[in-house]
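Each chain is listed here by its residues.
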Amino acid sequence: MLISRIFVLYRERSSFFVELFIQHLHITFLAVTLITVIGLTVGILMTRNRWLAGGILRVTSFLFTIPSIALFGVLVSLTGIGLKSALIAIVLYGLLPMIRNTYTGLTEVDREIVEAAVGMGSTPAQLLFRIQLPLAFPVIFSGFRTMVVMTIALGGIASFIGAGGMGRAIWRGISTNFPEMTIAGSLLIAALAIFTDYLLGMIERLVRYRYLGEGGEKHEA
Amino acid sequence: MAVIEFQKVTKAYGDEVDVLRGLDLKVEKGEFLTLLGESGCGKTTMLKIINRMVSFDTGHVWIRGRKLSEWDIVTLRREIGYVIQQIGLFPHMTVMNNVAYVLSLQGIPKVKQRQRAEELMELVGLPQEFLRRYPRELSGGQRQRVGVARALAASPEIILMDEPFGAVDEQTRNLLQDELLNIHQQLQCTIIFVTHDIQEAVKLGTRIVLMNQGRIEQAGTKEELILRPANDFVRRFMGTKGFMALLDEKKMKHLYQQILEEKISMEEVYLRLK
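Undergrad: Would you mind showing me how to read the overall build of chain A here?
TA: Broken down by element type, chain A carries 9 helices and 0 strands. Starting at the N terminus and walking to the C terminus, you meet the elements of chain A as α-α-α-α-α-α-α-α-α. Overall, chain A is about 65 × 45 × 25 Å in size when its C-alpha atoms are taken along their principal axes. Of the contacts made within chain A by residues no fewer than 6 positions apart, 78% connect residues no fewer than 24 positions apart. Taking the average place of the 17 positive charges on the side chains of chain A and the average place of its 12 negative ones, the gap between the two points comes to 8 Å.

Undergrad: Explain the sheet that holds strand E7 (residues 158–162) of chain B here, please?
TA: Pairing between the strands of a sheet is mediated by backbone hydrogen bonds and can be parallel or antiparallel. Residues and elements named next belong to chain B. Strands sit in the order E6-E7-E8-E3-E9-E10 across an open sheet of 6 strands; the sheet is mixed. Of all strands in the sheet, those with a lone pairing partner are strand E6 (80–83) and strand E10 (215–220), marking the two edges. With direction set aside, neighbouring strand axes in the sheet form an average angle of 15°.

Undergrad: Help me out: how do you make sense of the interface of chain B and chain A in this one?
TA: How large an interface is tends to be reported as the accessible area lost when its parts come together. The interface is formed by 23 residues belonging to chain B together with 21 residues belonging to chain A. Summing the contributions of chain B and of chain A, the shared interface buries around 1900 Å²; its carbon and sulfur component is 61%. By the criterion of area lost to chain A, the three top residues of chain B are B:His92, B:Tyr101 and B:Arg136, representing 28% of everything that side buries. Taken together, the links from chain B to chain A amount to 1 salt bridge. Of the charged contacts, one joins B:Lys48 and A:Glu115 as a salt bridge, the two residues approaching to 3.1 Å between their closest N and O atoms. The interface formed by chain B and chain A contains 8 residue pairs in polar contact (both at pLDDT 80 or more). Of all the secondary structure elements, the ones that give two or more residues to the side of chain B that touches chain A are helix H2 (73–78) and helix H4 (101–105) of chain B.

Undergrad: How do you make sense of the pairing of strand E4 (residues 58–63) of chain B when you look at a structure like this?
TA: Every other side chain in a regular strand lies on the same face of the sheet, so the side chains alternate between the two faces. All names here are of chain B. Taken together, the 5 bridges between strand E1 (residues 4–13) and E4 define a ladder with antiparallel strand orientation. Considered in E4, the bridge of glutamate 5 is made with tryptophan 62. In this structure, E4 lies alongside strand E5 (residues 66–67), joined through 2 bridges in antiparallel fashion. Within the sheet, the bridge partner assigned to tryptophan 62 lies in E5 and is lysine 67.

Undergrad: Quick question: what am I supposed to make of the pattern of salt bridges here?
TA: What the rule picks out here adds up to 13 salt bridges over all chains. A:Asp197 is the salt-bridge partner of A:Arg145, the closest N and O atoms lying 2.9 Å from each other. Pair noted here: A:Arg145 is in helix H7 (residues 124–158) and A:Asp197 is in helix H9 (residues 179–212), with a separation of 52 residues, a long-range link. Taking the shortest distance from any N to any O, the salt bridge between B:Arg145 and B:Glu179 comes out at 3.0 Å. In this pair, B:Arg145 sits in helix H6 (residues 140–152) while B:Glu179 sits in helix H7 (residues 170–187), placing the two residues 34 residues apart along the sequence. Overall, B:Glu179 belongs to the partly exposed group, its relative accessible area being 24%. If you follow the salt bridges from partner to partner, you end up with A:Arg145, A:Asp197 and A:Glu204 in one network.

Undergrad: Is there a simple way to explain the sheet that holds E5(B) in this structure?
TA: All names here are of chain B. If you trace the 4 strands from one edge of the open sheet to the other, you get E2-E1-E4-E5, paired in antiparallel fashion. Here the strands that pair on one side only, and so sit at the sheet edges, are strand E2 (17–27) and E5. In this sheet, E2 lies alongside E1 in antiparallel orientation, the contact comprising 8 bridges. Each residue of the ladder has a partner; that of lysine 11, found in E2, is leucine 20. Most of the contacts of helix H1 (residues 43–50) go to E1, to which it runs at about 120°, and overall it touches E1, E2 and E4.

Undergrad: Just checking my understanding: could you explain the environment of A:Leu199 for this structure?
TA: Residue and element names in this part refer to chain A. By secondary structure assignment, the location of leucine 199 is in helix H9. The partly exposed category is assigned to leucine 199, whose relative accessible area is 37%. Considering only alpha carbons, one finds leucine 199 and glycine 164, 35 residues apart in sequence, at a separation of 25 Å.

Undergrad: Help me understand the environment of B:Lys222 in this model?
TA: All names here are of chain B. With respect to the helices and strands, the residue lysine 222 is situated in helix H9 (residues 222–227). Given the relative accessible area of 13%, lysine 222 is considered buried. Distance from lysine 222 to glutamate 122, taken between C-alpha atoms, is 31 Å for residues 100 residues apart in sequence. Lysine 222 has contacts with Val202, Gly205, Ile208, Leu227, Leu246 and Glu249, leaving out every residue within four places of it along the chain.

Undergrad: Just checking my understanding: could you explain a nonpolar patch on the surface for this structure?
TA: Residues and elements named next belong to chain A. Judged by side-chain polarity, Phe195, Tyr198, Leu199, Met202 and Ile203 come together as a nonpolar surface patch covering roughly 490 Å² of accessible area. Tracing the backbone through its elements, the reader meets tyrosine 198 in helix H9. Taking relative accessible area as the criterion, tyrosine 198 reaches 53% and is therefore assigned exposed.

Undergrad: What exactly am I supposed to notice about the packing of helix H6 (residues 111–119) of chain A against H7(A) here?
TA: How two helices sit against one another is set out by the angle between their axes and by the gap between those axes. Residue and element names in this part refer to chain A. Look at H6 against H7: their axes get within 11 Å of each other, and the N-to-C directions meet at 165°. By the angle between their directions, the pair H6 and H7 is classed as roughly antiparallel. As for the relative orientation of H6 and H7, their crossing is right-handed in sense. Each of Ile113, Val114, Ala117 and Val118 in H6 lies in contact with H7, whose residues at this interface are Leu127, Ile131, Gln132 and Leu135. Residues of the contact of H6 with H7, tallied by class, amount to 7 nonpolar, 1 polar and no charged.

Undergrad: Looking at this model, I keep getting lost on the packing of aromatic side chains. Mind explaining?
TA: The geometry of two aromatic rings is summed up by the distance between their centres and the angle between their planes. A complete count under the given rule lists 11 aromatic pairs over all chains for this structure. Where A:Phe137 meets A:Phe141, the ring centres are 5.9 Å apart and the plane angle is 40°; that geometry is what we call tilted. With A:Phe137 and A:Phe141 both in helix H7 and 4 residues apart, this pair spans about one turn of that helix. Measuring from ring centre to ring centre gives 5.9 Å for B:Phe32 and B:Phe193, while their planes differ by 45°; the resulting arrangement is tilted. Placement of the pair is B:Phe32 in strand E3 (residues 32–36) and B:Phe193 in strand E8 (residues 190–195), with a sequence separation of 161 residues. For the pair B:Phe32 and B:Phe193, a shared accessibility class is recorded, and that class is buried. Through a chain of ring-to-ring contacts, the aromatic side chains of A:Phe7, A:Tyr10, A:Phe16 and A:Phe17 assemble into a single cluster. One residue, B:Arg133, lies across the ring of B:Phe130, its end atom 4.2 Å from the ring centre.

Parameters and conventions
- Residues numbered from 1 in each chain as written.
- Chains lettered and ligands numbered in written order.
- Predicted model: local features only at pLDDT ≥ 70, side-chain atom pairs only at ≥ 80, totals over all residues.
- Heavy atoms only, no water.
- Helix = DSSP H or I, 4+ residues; strand = E, 2+ residues; numbered from the N terminus.
- Contact = heavy atoms within 4.5 Å.
- Lys, Arg positive; Asp, Glu negative; His and termini not counted.
- Charge placed at Lys NZ, Arg CZ, Asp CG, Glu CD.
- Pairing = 2+ DSSP bridges.
- Axes fitted to C-alpha atoms, helices over the stretch in contact; angles between N-to-C directions.
- Buried area = accessible area lost by both parts, 1.4 Å probe.
- Salt bridge = Lys/Arg side-chain N within 4 Å of Asp/Glu carboxyl O.
- Polar contact = N/O pair within 3.5 Å; in protein donor to acceptor, adjacent residues only side chain to side chain.
- Buried < 20%, exposed > 50% of the residue type's maximum accessible area, 1.4 Å probe, protein only.
- Patch = residues over 30% accessible without salt bridge, like charges linked within 9 Å, V, L, I, M, F, W, Y side chains within 5 Å.
- Areas by Shrake-Rupley, 256 points an atom, 1.4 Å probe, with all protein chains shown as cover.
- Parallel < 35°, antiparallel > 145°, perpendicular 65-115°, else oblique.
- Left-handed = near helix turned anticlockwise from the far one by under 90°.
- Nonpolar A, V, L, I, M, F, W, Y, C, P; charged D, E, K, R; others polar.
- Phe/Tyr/Trp six-rings, centres within 6.5 Å; stacked < 30°, edge-to-face > 60°.
- Lys NZ or Arg CZ within 6 Å of the ring centre and 35° of its normal.

Here's what the structure looks like:
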């Protein structure tokens with residue numbers, strides 16, 4: 001039985017899998033932090049300049065359409081093999097949902113709410129932190145959730161350019177014709193992605209309830 | 001000294017549309033000024049120039065003796081109450097935090113904010129328990145009251161209101177108008193109130209400014225505008241509606257006084273009106 005063989009594998013090679021899992025978490029954590037900081041900053045700056053916004057949205061959408069393997073290939077020739085290249089690629093992909101949702105969330109805050117806040121004497125920073133960001137938070141958070149799950153999955157490919165992580169198990173399985181190893185690695189990535197998505201989904205519902213009232217209204221991102 | 005003074009103020013959007021064509025107006029302390037006119041006449045633009053939500057092209061504006069351009073924009077706005085038609089309550093904040101918003105911007109301690117919010121709830125006729133609620137849990141009329149309370153929080157000398165009662169039913173509107181008149185009397189503040197409703201302008205304003213195509217056609221008391229219109233436009237605009245509004249109010253006040261003094265019964269009033 002394939003499944004039982006996979007579980008045997010997990011047991012026998014547990015320290016190997018634990019190490020890869022921790023590496024994977026590490027890459028994901030680094031990437032998510034970078035994407036969140038860059039994405040939020042760029043998204044906020046975009047609302048100050050509509051012209052800039054159009055350009056950035058086009059560039060990030062374009063980056064998103066490049067196949068990940070191709071992007072990794074290009075980066076290897078530019079920044080070499082290792083964690084740095086992998087992080088750059090993952091961050092470039094993850095920026096799209098983060099930037100787009102930050103920008104959309106902020107621009108979709110009702111005009112009259114912003115007008116009232118400005119008219120009562122909010123400084124630009126007060127407007128941003130007390131009104132716009134809290135109100136855009138549900139939309140930004142759903143972008144964050146998409147991005148995190150995507151980053152976990154992409155981390156699997158990052159191992160192909162020597163960044164470590166669960167992808168190494170997959171790669172080893174493929175290169176040594178050892179399907180159990182490939183599936184064992186994939187399953188762990190999938191489990192991590194599903195669990196994280198579930199957890200963030202619960203938080204998202206709480207956030208919507210808090211900001212939008214019972215049930216909450218759906219925002220398409 | 002006038003609280004607000006406009007001198008030859010013009011404003012155009014783009015090259016074609018002249019929104020304001022040379023406005024002159026002085027608003028004295030304690031006035032309840034209603035800006036009346038059809039949509040597009042420039043009344044909202046004029047209102048928003050006062051708290052610099054809209055800029056103007058030529059002319060001068062003074063607020064409390066200081067040129068508008070010399071005011072720090074944030075200070076100016078915090079010292080002027082502002083209520084817009086859609087109210088724009090903050091949905092992620094409780095009524096308490098909505099009402100105390102300007103105070104929190106100024107960094108006033110929480111205890112003081114709370115105290116002030118409680119006073120304001122009393123002033124606008126809402127129960128204290130509402131401070132804990134969110135705007136979505138209130139009716140339209142209650143939201144308007146919160147909007148008014150929020151504008152009054154920092155005890156502004158000037159309050160700007162842009163058709164604040166446009167979206168509520170007539171009965172509620174009447175009630176809100178009465179309460180606003182009450183508040184104005186109690187606080188002795190200066191209110192600039194934009195409306196397109198003649199009845200509302202007549203009922204609320206100690207002075208009415210009738211605007212048309214970016215100009216002031218006439219500024220004066222309701223009696224002046226209705227009984228001694230400056231030109232044909234004013235006569236036609238105020239029309240029978242203005243006359244009825246004036247008549248109604250005068251007559252009703254007089255009769256109501258007599259009822260209060262028990263000189264006359266309700267039934268007699270009814271028969272006489274018939």
